[in-house]
Amino acid sequence: MFELDKFISQYVIKRHESMFKKDIEKNDDLLNQKVNGKTILVIGGAGTIGSSFIKVILRYNPKSLVVVDINENALTELTRDLRSDGFITVPEDYVTYPMDYASDVFKKMFKRRQGFDIVANFSAHKHVRSEKDIYSIEALLKNNIINAKKFLDLLVEYPPEHFFCVSTDKAANPVNIMGASKRIMEDLIFSYSDKFVVTTARFANVAFSNGSLPAGFIERLNKQQPISAPKDVKRYFVSPRESGQICVLACILGNNREIFFPKLEEAQMIGFDEIAEHFIKVNGYKVMYCESDQDAINNIENIKKYNKYPVHFSVSDTSGEKAYEEFYTDDEIVDKIKFGALGVVEEKKMPDEAELSKLLLELEEAFNDDEIQKDDIVQILKRYLPNFEHIEKGKNLDCKM
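Below, the structure is looked at part by part. (Residues numbered from 1 in each chain as written. Predicted model: local features only at pLDDT ≥ 70, side-chain atom pairs only at ≥ 80, totals over all residues. Heavy atoms only, no water.)

Focus on helix α9 (residues 213-222)
Among the residues of α9, those classed as buried are Pro214, Ala215, Gly216, Phe217 and Leu221. In the core, the buried residues of α9 are packed alongside β8 (227-230), β10 (237-238), α11 (272-282) and β14 (308-314). (Buried < 20%, exposed > 50% of the residue type's maximum accessible area, 1.4 Å probe, protein only. Helix = DSSP H or I, 4+ residues; strand = E, 2+ residues; numbered from the N terminus. Contact = heavy atoms within 4.5 Å.)

See below:
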């Protein structure tokens, strides 16, 4: 039987215990002090990072946990997972809601509960492929920025003790609209930091997270379909458990307007093609290298005939793909001493609220224009983020296997 956690540990992150184990142990009493007996709201909590956050923070015995996610099936599986784990104590006041956090019904629920002590938001469009056309771009920016503002305005009525919103390494010197949206999201949440404590985290790819390319390897194997991956892209990875630990440490122990990131070295990066090769071999197959997606499809019968699994490793040629990963920029102040395995971008200034409001208004007006194009949105984002160097190649990931 394929053991995913074991595979991630051995072949992807290449460590047998969490890189944040010592930071968690060192701060265990403080985390318990700050979480025990508190009320918690997790938005987007059925996804990989959100659910991992929940599994970590439940160790510290909160009074209540409300989980909101638009994926009803994933919420059901989350509940089954939590209640089947003998090491997790689910609070008596535990509720899941399959709803949009920008909806009226969410506002009713939030106001009836008069807010929460700890609020963590994991709801986001996270894929580079989400900028394929003007409609996908509008959905992305509304979820990551415009709806986030509506939620922050709601939080002002009942300020939490801690507010956390997940960011991405792609927010540092962004080259795609998703990364730019998360960089703007950072400014947006920090603009409310005079009303409640706000923290975020930029971190690496989460190994085999929902919707990720490696997770797709499992689906392809189950369906006996060929596997494809870029051969020229290397990325940093953390395990799902580590992603939850990063977010709990940042949410609960972070100071106002701090950005957390994992202290990973370049040597720890790994290519998607290497992960695919290990995955195929661990599952008992030989790798069959093909020249194209179609060539791989044409050789699918070799899986059963000769135990050879067809793969196509290609060069990255789609819009928005960054050649390298970084967690902070040259003009940011970084503390690498405070935590053992975490760096902290600190002393972030309050953003220019007038410029931020102008940007949001421009986006709203643009989306009301039926003639608006993708490049028009890129130009609006560039006016707010002068260092936004969008990579446009006229091709998106939906064009590839």
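What about unusual backbone geometry?
Here the phi dihedral of Lys14 falls at roughly 55°; this positive angle occurs in a residue that is not glycine. With respect to the helices and strands, the residue Lys14 is situated in the loop between α1 (4-12) and α2 (21-26). With a relative accessible area of 52%, Lys14 lands in the exposed category.

Observations concerning the environment of Asp331
Considering the arrangement of structural elements, one finds Asp331 in the loop between β14 and β15 (333-335). Judged by its relative accessible area of 69%, Asp331 falls in the exposed class. Only 2.5 Å separates the side chain of Asp331 from the side chain of Thr329, close enough to count as a polar contact. (Polar contact = N/O pair within 3.5 Å; in protein donor to acceptor, adjacent residues only side chain to side chain.)

What about the pattern of salt bridges?
Summed over all chains, the structure comprises 17 salt bridges. Asp153 is the salt-bridge partner of Lys149, the closest N and O atoms lying 3.2 Å from each other. In this pair, Lys149 and Asp153 are both assigned in helix α7 (residues 134-157), 4 residues apart and thus about one turn of the helix distant. Across the salt bridge formed by Lys348 and Glu332, the nearest N and O atoms sit 3.0 Å from each other. Taken together, the positions of Lys348 in the loop between β16 (342-346) and α14 (353-367) and Glu332 in the loop between β14 and β15 put the pair 16 residues apart, joining distant regions of the chain. Glu332 shares its class with Lys348; the two are buried. (Salt bridge = Lys/Arg side-chain N within 4 Å of Asp/Glu carboxyl O.)

By themselves, these figures tell us nothing about what the structure is for.
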